[in-house]
Amino acid sequence: MSNYETAHAFFEACETGQGWAACEGFCHADASFGCQADALVDTLTLVAYAEWMKDLMTPVPDARYVLTAFAADEARCTVVATAEFHGTHTGEGGPVPPTGKSVISDYAYV
């Protein structure tokens, strides 16, 4: 499987909330994670992020992504993805009761 295919399979598993069990075959267990979003400031590993995405599906059950770009730079062994996160806070289990508010947020993976 190419870097592109591996990264795409990981992206799909992670961003659809399948959790670490579905992502671990594509990554190292000690992979780090960094993000500029306040909600993820204490999330430092890819394991923790994959589980965070899985947990997000409870308060935001319609969470989904719209892929806007996906490219591989084979010479540098790097893949870059950009997407929009879409979801509506209708489920229980979040830090506050369901608000019914929707969000669209841009994000990128490298």
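Small disclaimer: the values here were computed from a predicted structure and weren't measured.

A. Here's a closer look at the environment of H28. For H28, the position within the fold is in the loop between α2 (20-23) and α3 (46-56). When its relative accessible area of 62% is taken as the criterion, H28 is described as exposed. Separated by 23 residues in the primary sequence, H28 and E51 have C-alpha atoms spaced 15 Å apart.

B. Fine view of the packing of aromatic side chains. Under the counting rule described, the total for this entry stands at 10 aromatic pairs. Geometrically, the ring pair formed by F11 and Y107 is stacked, given 6.4 Å between the ring centres and 10° between the ring planes. Here F11 is found in helix α1 (residues 3-15), whereas its partner Y107 is found in strand β3 (residues 102-109), with 96 residues between them in sequence. For the residue pair F11 and Y107, the accessibility class agrees, reading buried in each case. Three or more aromatic residues joined by ring pairs form one cluster here, namely Y4, F10, F11, F33, Y49, W52, Y65, F70, Y107 and Y109.

C. Inspection of the pairing of strand β1 (residues 64-73) at higher detail. Looking at chain direction, β1 and strand β2 (residues 78-88) are connected through nine bridges and run antiparallel. Within β2, the residue paired with A72 across the bridge is V79. Connecting β1 to the next strand, β2, in antiparallel fashion are four residues, including C77 with a positive phi near 55°.

D. View of the sheet that holds β2. Across the sheet, which stays open at both edges, the three strands sit in the order β1-β2-β3 with antiparallel pairing between neighbours. In this open sheet, the two edge strands, each paired with only one partner strand, are β1 and β3. Neighbour-to-neighbour, the strand axes of this sheet turn through a mean angle of 5°, independent of strand direction. Alignment of β2 against β3, held across eight bridges, turns out to be antiparallel. Bridge assignment links T82 to a residue of β3, and that residue is A108. Along the sheet, α1 makes contact with β1, β2 and β3, crossing β1 at roughly 160°.

Rules used throughout
Residues numbered from 1 in each chain as written. Predicted model: local features only at pLDDT ≥ 70, side-chain atom pairs only at ≥ 80, totals over all residues. Heavy atoms only, no water. Helix = DSSP H or I, 4+ residues; strand = E, 2+ residues; numbered from the N terminus. Buried < 20%, exposed > 50% of the residue type's maximum accessible area, 1.4 Å probe, protein only. Phe/Tyr/Trp six-rings, centres within 6.5 Å; stacked < 30°, edge-to-face > 60°. Pairing = 2+ DSSP bridges. Axes fitted to C-alpha atoms, helices over the stretch in contact; angles between N-to-C directions. Contact = heavy atoms within 4.5 Å.

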